[in-house]
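One letter stands for each residue in the lines below.
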Amino acid sequence: MNNSVENRFLAIICGALLLFVAPLFVLFLFLSSERADKEIRDHISVLLVANSQALAKPLWDLDDDSVTQISATIVSQGAIVKVQVRDQSGQLDVTQSTIPKSFNGNLVQVSRAIIYNTIDGPKNLGTISVFYPALGLFSGLKHEEVVFMSIFIFAVLAVFSAALIGNRIFIIRPLMRLTAAVEATRQLGSRHHVNWQSNDEMGRLARGFNEMQSKLESEECELKLAHRRAVDIYDLTPAMLFSLDEDDRITAVSDYWLVATGYDRPRVIGCRFADLVTTDTRDAFRKRKDDLDGGAAVDVTVKFICADSSLMDVLILESTAATAGHDRLSLSVMTDVTELKASEARNHQQAIRDHLTGLLNRQGFETVLDAKILEVDAAGQELACLFVDLDRFKWINDNLGHAEGDRALREFVDRLKTHLAPSDQAARLGGDEFAILLPAKDAARRASAMAEQIASIFIEPFGPDLHLSASVGIAIYPRHALNAAELLQKSDMAMYAKKRDGKNGAQLFNTSMMDHTRARAEIENYIEAGLAEDWFDAYLQPIVSLNGRGVAGFEALMRLNHPQKGLMAPAEIINVAEETAKIVRVGNVIMEKATAHLAAISRLPGMQDSYLAINFSPLQFEAALPARLAALLGRHGIRPQRIVVEITEAVLMHNNPQIRTVVAEMRRFGCRIALDDFGTGYSSLSYLNRFPVDIIKIDQSFTQSINDANDDVREKSRTLVESITTLSHKMGCIVIAEGIETEDECQTLHKMGLDFGQGYLFHRPQQAAALIERLSATERLIARAS
């Protein structure tokens, strides 16, 4: 009770009395004492004045009796308790005192000189001193003041008592009742109310407390109802719900959880949940705590051990929250994902497997390749990667259909599997490209043996007259590559090197291939820069009549004029452009520039009917090509009949319906069609029958051999050229010989009946401006000669 409200109130009242009332009371006593002391001094002063005059004559006469009598009279006056009279000579010293022996207080002395008026003037005869007791605080109080003080003290005590009684009645009593209600609520749990009614603050406090109690009682009822409903929902929800404490012990499980797992509630409550999952997924469950945060949800997939020891793949989604006591509350839902995991496994296999052959696809191969590298590192072995590309497979798809191509692929894989060891791994990377991984101590020897086995696969045809072969590139880890990507890349390089060398065989990677790859990449950069910086130009080589040597037309030839390297060899540029599909952009640039050059040449006398032969790659035969060419000719005012579309046998071999459609459209538009390099490759007379060919260009290899020193070669070459010429003329085609370099070649070809020719004998390929200047000069010479 030392800290009770009443004690504190009493301390405040006492403090107020000490701070305010007590100082006033002391001040009043001090002033009263000062007033009484002043009155005594004034009285003594008057008394001394009168008696000093009375003592002057006796003291002059040294009348001891008179002095004593007067001193006795003075000491009996009022507050004076002692009188002392002394003369200046010391002969007379009279002292009168009424001080009792028991007095031990202080005395106040008041003195005055005794002056006697003589003939010679006033003389100081001595002094008179009176003594009176020093007044205390209460010594100077009068009766009225004592009465006033008594009334003041009574009034203060009355106010103090009234404050204490009022505090007890109006504050302490309701506070005690409020405290009792709070204690009863705390100890008994029921909501007690305060029985106090008044219109003051305590009454409002009591009413507010009672209203709060009523509201809390209502909310507690609602919470209890909500808790019962939550428990019902927890147990009746058709989901596997459970709760864990800070140590991952099960604190609650739903009825559905028990039904799904087969456990009894008493058996699992208090168990560590980690003990109910398999050992291989236990760490994953425990590590989920690293991702837990207040209010955040985490998920983990584990294998759960049911009561009957069966396993169930479950996805656990857990959310947690920290309470005021820093305990962790968790609610988790467990979902059976056994079927989903099985489906994911099937989908994963489908994602990494080729649906046609059942081999790994590129994604699956890259994953296996990384794993195989780790295996061979651990075993101290090497790993050979064979990159296999089927030769002429596109021909099967284009001519026999994709169904036949798919059948051939499956047949190839079935034959290949008979040569694979259990440790080997094969994959279809796409189209007709395959990869094979061979781990071995001597991987190069093993890869060479496998390449021979792959070659033996193609001995038997894959169908009637369906013969295939394969180009195989081989790279060895870690001899040639230090990682998976590099190994696959270098085996691919080796395969392309074999393709360039004639296909049908195997090629082991060597560093020179890197030089070729770098050179190819450099050319690819030159092509891109040439397109951006306008380095490409269309050089023109005149085509002349062998009868009269007049210029009949021009062949547009692609040239790339590098700012530093100058003119670059066109063959490599064309090959790279076709491989990277940039030939379409390059071809459009050459077509536009060549057409502009023809328009400029057409302004020369006699050149109005000259034609322009433009070479087209198979990739350029897009559906929009005829419209693009028509717009270009219309812009320069050139008739379509003056344009010759040069195609090679490779274009015809594609037997692509789109190419046939585009060529036919350009033919209907008015352009003529020339078959270039005839007599090389897979020359077939059926091309002349199936395609609307107007011009046949005999390859320069025949031109160079018609005057060969070897009689047999010379006769055969002339026979072939004459036969081609005769057959072409009978089919209404013009025949042009390419690569004429000597006058003998020209004369021989003219005698054999060829119509036109082109070559260094007549003109080299040159820029349009230089050619125009040369043609103009020739025209001027002819004019002067005539």
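Just so you know, these numbers come straight off a predicted model, no measurement behind them.

**Observations concerning the sheet that holds strand β12 (residues 433–440)**
- One open sheet holds the 5 strands; their spatial order is β11-β12-β10-β13-β14, and the pairing between them is mixed. Strand pairing shows two members of the sheet lacking a second neighbour, β11 (425–430) and β14 (505–508), which therefore form its edges. Strand-to-strand, the axes of this sheet are offset by a mean angle of 20 degrees, without reference to chain direction.
- Where strand β10 (residues 382–391) lies against β12, 8 bridges are found, and the strand directions are antiparallel. When the bridges of β12 are listed, aspartate 389 appears paired with glutamate 433.

**Section: empty space enclosed by the protein**
- This model, assessed by the stated rule, comprises 1 cavity of 30 Å³ or more.
- Space inside the largest cavity adds up to approximately 30 Å³.
- Taken together, Pro174, Leu178, Val194, Met202, Leu205 and Ala206 make up the lining of the largest cavity.
- Elements with a contribution of two residues or more to the lining of the largest cavity: α3 (143–188) and α4 (201–236).
- Considering every element that reaches the lining of the largest cavity, the biggest residue donor is α4, with 3 residues.

**Some points on the layout of surface pockets**
- Size it by volume and the second largest pocket reaches roughly 1000 Å³.
- In this structure, the second largest pocket is lined by 36 residues; those nearest its centre are Glu555, Leu557, Ile574, Asn615 and Asp676.
- Looking at the lining of the second largest pocket, its residues break down into 16 nonpolar, 11 polar and 9 charged.

**Some remarks on the nonpolar core**
- Residues Ile527, Phe536, Leu612, Phe621 and Leu754 are the most contacted members of the largest nonpolar core, which totals 71 residues.
- Take this core: its biggest share by element is 9 residues, from helix α16 (residues 583–601).

**Quick word on the confidence of the model for the protein**
- In this model, the protein carries a mean pLDDT of 84, and residues with pLDDT of at least 70 account for 94%.
- Strand β23 (residues 756–757) holds the highest mean pLDDT among the elements of the protein, 96, whereas helix α20 (residues 685–690) holds the lowest, 64.

**Points about the environment of alanine 274**
- Tracing the backbone shows alanine 274 in the loop between α6 (265–268) and α7 (279–287).
- For alanine 274, a relative accessible area of 7% gives the class buried.
- Sequence separation between alanine 274 and arginine 249 is 25 residues; the distance between their C-alpha atoms is 8.6 Å.
- Contacts of alanine 274, omitting those with residues within four sequence positions, involve Arg282, Phe285 and Arg286.

Definitions and cut-offs
Residues numbered from 1 in each chain as written. Predicted model: local features only at pLDDT ≥ 70, side-chain atom pairs only at ≥ 80, totals over all residues. Heavy atoms only, no water. Pairing = 2+ DSSP bridges. Helix = DSSP H or I, 4+ residues; strand = E, 2+ residues; numbered from the N terminus. Axes fitted to C-alpha atoms, helices over the stretch in contact; angles between N-to-C directions. 1 Å grid on protein atoms, 1.4 Å probe; cavity = no way out; pocket = protein on both sides within 12 Å on 5 of 7 lines; lining within 4 Å. Points joined across faces, edges and corners; volume = space filled by probe spheres on them. Nonpolar A, V, L, I, M, F, W, Y, C, P; charged D, E, K, R; others polar. Core = buried A, V, L, I, M, F, W, Y, C linked by side-chain atoms within 4.5 Å. Buried < 20%, exposed > 50% of the residue type's maximum accessible area, 1.4 Å probe, protein only. pLDDT = per-residue confidence, 0-100. Contact = heavy atoms within 4.5 Å.

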